[in-house]
Amino acid sequence: MTEFLRLLTSVLTITLQAGTSLTYATLGEIYTERSGILNLGLEGMMLMGAVTAFATTYYTDLPWLGVLVAIIVGAAMAAIHAFLSVTMRANQVVSGLSITLFGGGLASFLGQRLGPEAHSGRLAGLVAERFRPILIPFLSEVPVLGALFRQDILTYLMYLLIPLAWYYMYKTRNGLNLRAVGEAPRTADAMGIDVIKTRYLYTIFGGMLTGLGGAHLSLAYAPGWTENITGGRGWIVIALVIFSMWNPARAILGAILFGGINAVQFRLQTAGARIPASYLNMLPYLLTIVVLVVMTWWESLSHLVGAPAALGQAYMREDK
Amino acid sequence: MRRIVFEKRESMSRRASTLVPIISLLASLLLGGLLLAISGANPFVTYYEMFRGAFGTWNRFTETLVKAIPLMLTGLSVAIAFKMRFWNIGAEGQLTLGGVAAAGVALFWAQSLPGWTLLPLALLAGCVAGALWAGIPAVLKAYLSVDETLTTLMLNYVAILYSEHLYYVAWRAPGYNSGTATFTEAAWLPRITGRVHAGIYLAIILAVVLWFVFKRTRWGFELQIIGENPTAARYLGINIAQNVVLAILLSGAISGLAGATEVLGLARRLQQGLSVGYGYTAIIVAWMAQLNPLAIIGVAILMASLLVGGDQIQMRMGLPAAMGLVLQGLILIPMLAGMIFMEYRLRIIDPHTTGMEVEA
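How each quantity is defined
- Counting restarts for each chain, with residues numbered from 1 along the sequence as it is written.
- Working convention: letters from A go to chains and numbers from 1 go to ligands, in the order in which they are written.
- With the structure being a predicted model, the display of local features is reserved for residues of pLDDT at least 70 and the display and counting of side-chain atom pairs for 80 or more, all residues being used for whole-chain, interface and lining totals.
- Side-chain descriptors were evaluated using all non-hydrogen atoms of the structure, hydrogens and water having been removed beforehand.
- Helix and strand assignments come from DSSP, with helices taken as H or I runs of at least 4 residues and strands as E runs of at least 2, each series counted from the N terminus.
- Each radius of gyration is computed over the set of C-alpha atoms, and the globule rule expresses the reference value as 2.2 Å times the number of residues to the power 0.38.
- When checking whether two residues touch, look at their non-hydrogen atoms; a contact exists if any pair is within 4.5 Å.
- The Shrake-Rupley method, run with a 1.4 Å probe sphere, supplies the accessible areas, and residue values consider only the shown protein chains as cover.
- None of His or the chain ends enter the tally, which takes Lys and Arg as positive and Asp and Glu as negative.
- Here the site of a charge means atom NZ of a Lys, CZ of an Arg, CG of an Asp or CD of a Glu.
- Buried residues are those whose accessible area, probed at 1.4 Å on protein chains only, stays under 20% of the maximum for their type, while exposed residues exceed 50% and partly exposed ones sit between those limits.
- We define a salt bridge as a side-chain nitrogen of Lys or Arg found within 4 Å of a carboxyl oxygen belonging to Asp or Glu.
- Summed over both partners, the accessible area (1.4 Å probe) lost when two parts come together is defined as the buried area.
- Identification of polar contacts relies on pairs of N or O atoms within 3.5 Å, with a donor-acceptor requirement for protein atoms, meaning one able to donate a hydrogen and the other able to accept it, and with residues adjacent in sequence counted only if both atoms are side-chain atoms.
- All residues other than Ala, Val, Leu, Ile, Met, Phe, Trp, Tyr, Cys, Pro, Asp, Glu, Lys and Arg, Gly among them, are scored as polar; the first ten of these are nonpolar and the last four charged.
- As annotated, the domain borders come from an automatic or database domain assignment.
- Only the stretch in contact is used when fitting a helix axis, every axis being a line fitted to C-alpha atoms; angles between N-to-C directions are given from 0 to 180 degrees.
- What sets the label is the angle itself: under 35 degrees gives roughly parallel, over 145 gives roughly antiparallel, 65 to 115 gives roughly perpendicular, and the rest give oblique.
- In this scheme the handedness of a crossing depends on how the near helix is turned from the far one: anticlockwise by less than a right angle means left-handed, clockwise means right-handed.
- Only the six-membered ring of Trp is used, alongside the rings of Phe and Tyr, when aromatic pairs are assigned; centres must lie within 6.5 Å, and planes under 30 degrees apart are stacked while those over 60 apart are edge-to-face, with the rest tilted.
- Here, expected helix span is obtained from the residue count minus one, scaled by 1.5 Å.
- Here the nonpolar core consists of buried residues drawn from Ala, Val, Leu, Ile, Met, Phe, Trp, Tyr and Cys, with membership extended through side-chain atoms lying within 4.5 Å.

Student: Looking at this model, I keep getting lost on the overall build of chain A. Mind explaining?
Tutor: What chain A contains, in helices and strands, is eleven helices and two strands. Starting at the N terminus and walking to the C terminus, you meet the elements of chain A as α-α-α-α-β-β-α-α-α-α-α-α-α. Taken over C-alpha atoms, the radius of gyration comes to 20 Å for chain A, in line with the 20 Å a tight globule of 320 residues would show. Dimensions along the principal axes, computed over C-alpha positions, put chain A at roughly 65 × 50 × 40 Å. When contacts within chain A are restricted to residue pairs at least 6 apart in sequence, long-range pairs at least 24 apart make up 75% of them. Per element, the accessible surface of chain A, about 13200 Å² overall, is 68% carbon and sulfur. Measuring between centres, the 20 positive side-chain charges of chain A sit 4 Å from its 16 negative side-chain charges.

Written out as structure tokens, the structure is:
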């Protein structure tokens, strides 16, 4: 029995570790989409966050500075998306894709250029300061739930951020305005809310959290830089936003589901399961599709309108 | 107070639609040059080396064409889907499975089939595999409204992992670390010059056919209406679901063909290096060509030259080959910003005088 509890604790610990970057990015994208902007650039932004956070930390030994740089980089890339989709009214799907393609290319370039001369400019394979798990005395000893208290500082911060993000969205004036902009921009405009400013603001805010999620990958979860470190997490997040039905409080659920898949995969592999590794690695992607189908089907059955009504549509006061 | 606003044009500006891609390319080179300078490389030397690497000699140019073939095919594939605003970003996975299916036919049917049927059957198998793989998201979208960006993208990872399982484990040739055995000669796609294979003919023929379909046929018109105004399409009695599925099957088949020609024309065995991102670059190709099939041929060559040029600066100057990817990604951003000028013009509203118009 104790053996089983220990296994469960370890699976849950890995689940939360793997789910942290997903949760940050999911929270960010929920805020962005609530303002009516769909940002498919997450994958590129996470990659850029991960590479810049790691490079900064490698040279300064200051992981917090790395986090800050990743947040700024995420914000800057999101600002490009906001400019394209809000001001220039570009197609948001293609704009997001361009951010992902550009970010992916640039992250790969920087990963081969920012490293030290002696390492021929490469960042891959280097070791830097990182966020280590902090065991909270007594609480971390509790079976199973102790896993919650065997995490790094960014995960603890995430525990705080989720209720705050929920409170801000549903209990404050600003949160109400944000939702109004995403649901009915014309009405919001008539009420005196600055639609353009709101959309810029929350797209950039989403970028900050996404950059932070990327930093968690290279500074805590998989410490170090490897090409394509995100492995599609930025895309899985888009599905997690749908899964959470645009509610920050539910952002953690998807992260646990997908983090859990990672943990189970990891456990099966180390236990020497007879399933080929490639098939195990397919699980998160297949699960994303299943989640999407089930959510879409369920929303249509229960007539729930989950997505902000104006999601993906440019707004211009002059248009009639 | 003066205000600058966008005003809708009466019709699409032709001048803007040719100028915007060219300015975007220049802007991308400028920004990329800045990046190179900051990272301590001479941008002029780097660009010169990239250009020479891609176009310098006939030999180099054939290598650019080799990389352009899959970009032409996947670019066409993506353009069909984008025409309907169906965001197929799964060309990478459809290409991979096309390559896998073609390899499967070439490897396992070689003994039981007459020689001359092997190549056409392998190409056909590639098309069918790509079509079926694209068909899953198409059916989910058409009949259950499941978002296709995510399903097409997730299936890329599944297809690539499956192909890895095949060439590392299941189909691995004895004595090799990875990769299948080389196909029998009957399954080889003939080469024209250098490593340029007959896939280039297929790409050009398809481009012309698709150009005709888009411009001159009722079906092409229906696809466009579905993309631009689904409500109008419904009023016109167009069966949207059926058209989406049909067009996406075609889109997937062309990406599958891209994979099949790669495998049968270049490596002639299934090995690592089939999925190198052509399916993603295809998005840039299609968008920069503004979904015009004939323009796709030219843009694909341009994008391929950035890839080959990138490889060259890695070999000759020790700079990351990813520079080519950076430039490709950079093109799309000014392009998207500029596209507004095709539909809108800038207008300065000054309440004191009458509105002054500025052509943009």
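Moving on, there is more to tell.
Student: I tried to follow the overall build of chain B on my own but got confused; where do I start?
Tutor: The number of helices and strands found in chain B is 14 helices and five strands. Rg of the C-alpha trace for chain B: 22 Å, near the compact-globule value of 21 Å for 360 residues, within the 12% margin. Structurally, chain B occupies a C-alpha span of about 85 × 60 × 30 Å along its principal axes. When each of the 360 residues of chain B is scored for burial, the buried share is 57%.

Student: What should I look at first to understand the pattern of salt bridges in this one?
Tutor: Pairing between side chains of opposite charge can happen when the charged atoms of each approach one another. All names here are of chain B. Applying the stated criterion to the full structure yields seven salt bridges over all chains. Among the salt bridges present, the one from E63 reaches R195, with a minimum N-O distance of 3.0 Å. Here E63, found in helix α3 (residues 58-83), pairs with R195, found in the loop between β2 (191-193) and β3 (196-197); they are 132 residues apart in sequence, far enough to count as distant. Residue K141 is joined to E148 by a salt bridge in which the shortest nitrogen-to-oxygen separation is 3.1 Å. Among the ionic contacts, a cluster of salt bridges with common partners joins E49, R52 and R316.

Student: Before we go on, may I ask you to explain the interface of chain A and chain B in this structure?
Tutor: It is common to give the size of an interface as the accessible area lost on bringing the parts into contact. Counting residues at the interface gives 46 residues for chain A, matched by 49 residues for chain B. Summed over both sides, the interface of chain A with chain B buries roughly 4000 Å², with 81% coming from carbon and sulfur. Seen at the junction of chain A and chain B, the total is zero salt bridges. Counting the contacts that link chain A with chain B gives two residue pairs in polar contact (both at pLDDT 80 or more). Looking at the side of chain A that touches chain B, its residues break down into 27 nonpolar, 13 polar and six charged.

Student: When you look at the domain arrangement of chain B in this model, what are you seeing that I'm missing?
Tutor: Residue and element names in this part refer to chain B. What the domain assignment lists for chain B is domain 1 (1-41 + 319-360) and domain 2 (59-302). Computed over C-alpha atoms, the centres of domain 1 and domain 2 are 31 Å apart. At the interface, eleven residues of domain 1 touch six residues of domain 2. Taken together, the two surfaces of domain 1 and domain 2 that pack against each other cover about 810 Å², and 76% of this comes from carbon and sulfur.

Student: What is the right way to look at the packing of helix α1 (residues 14-38) of chain B against helix α2 (residues 43-55) of chain B in this model?
Tutor: Packed helix pairs are specified by the crossing angle of their axes together with the interaxial distance, meaning the distance between the axes. All names here are of chain B. Running from N to C, α1 and α2 cross one another at 120°; their axes reach a closest spacing of 9 Å. It follows from the interaxial angle that α1 and α2 lie oblique. Helix-helix and strand crossings are classified by hand; for α1 and α2 the assignment is right-handed. Seen from α1, the contacting residues are S28, L29, G32, G33, L36 and A37; seen from α2, they are P43, T46 and Y47. In terms of residue class, the contact of α1 with α2 is made up of five nonpolar, four polar and no charged.

Student: Explain the packing of aromatic side chains here, please?
Tutor: Any two aromatic rings considered together are summarised by their centre-to-centre distance and by the angle between their planes. All names here are of chain A. Scanning the model with the defined rule gives 17 aromatic pairs over all chains in all. Judged by centre distance (5.9 Å) and plane angle (70°), the rings of Y156 and Y159 are edge-to-face. Of this pair, Y156 and Y159 both sit in helix α5 (residues 153-171), three residues apart, which is roughly one turn of the helix. On the basis of relative accessible area, Y156 is assigned to the buried category, the value being 14%. One aromatic cluster is present, formed by Y31, Y168, Y202 and F205 through successive ring pairs.

Student: How do you make sense of the side chain of B:T46 when you look at a structure like this?
Tutor: Residue position: B:T46 is located in helix α2. Dropping the residues within four chain positions of it, B:T46 is found in contact with B:L36, B:A41, B:I313, B:M317 and B:L319.

Student: How do you make sense of α1(B) when you look at a structure like this?
Tutor: Every α-helix winds through 3.6 residues per turn, so residues three or four apart in the chain are directed the same way. Given a rise of 1.5 Å per residue, 25 residues ought to cover 36 Å, and the 37 Å separating the end C-alpha atoms of α1(B) matches this to within 8%. Of all the positions in α1(B), only B:A16, B:S17, B:V20, B:P21, B:S24, B:S28, B:G32, B:G33, B:L35 and B:L36 are classed as buried. Tucked inside the fold, the buried residues of α1(B) contact α4 (92-111) of chain A together with α2, α11 (278-288), α13 (323-338) and α14 (340-343) of chain B. Positive phi appears at B:G40, one or two residues downstream of α1(B), with a value of about 85°.

Student: How should I be thinking about the nonpolar core in this particular structure?
Tutor: Nonpolar side chains in soluble globular proteins tend to end up buried together. One finds A:F109, A:W225, A:W235, B:L264 and B:M303 to be the most contacted residues of the largest nonpolar core, which totals 199 residues. Counting residues domain by domain, this core receives three or more from each of domain 1 (1-41 + 319-360) and domain 2 (59-302) of chain B. Residue contacts for B:M303: discarding those within four places in its chain leaves B:L71, B:T281, B:I284, B:V285, B:M288, B:Q328 and B:I331. Counting residues in each nonpolar core, the second largest holds six residues, with A:A180, A:V181, A:I193 and A:V195 among its members.

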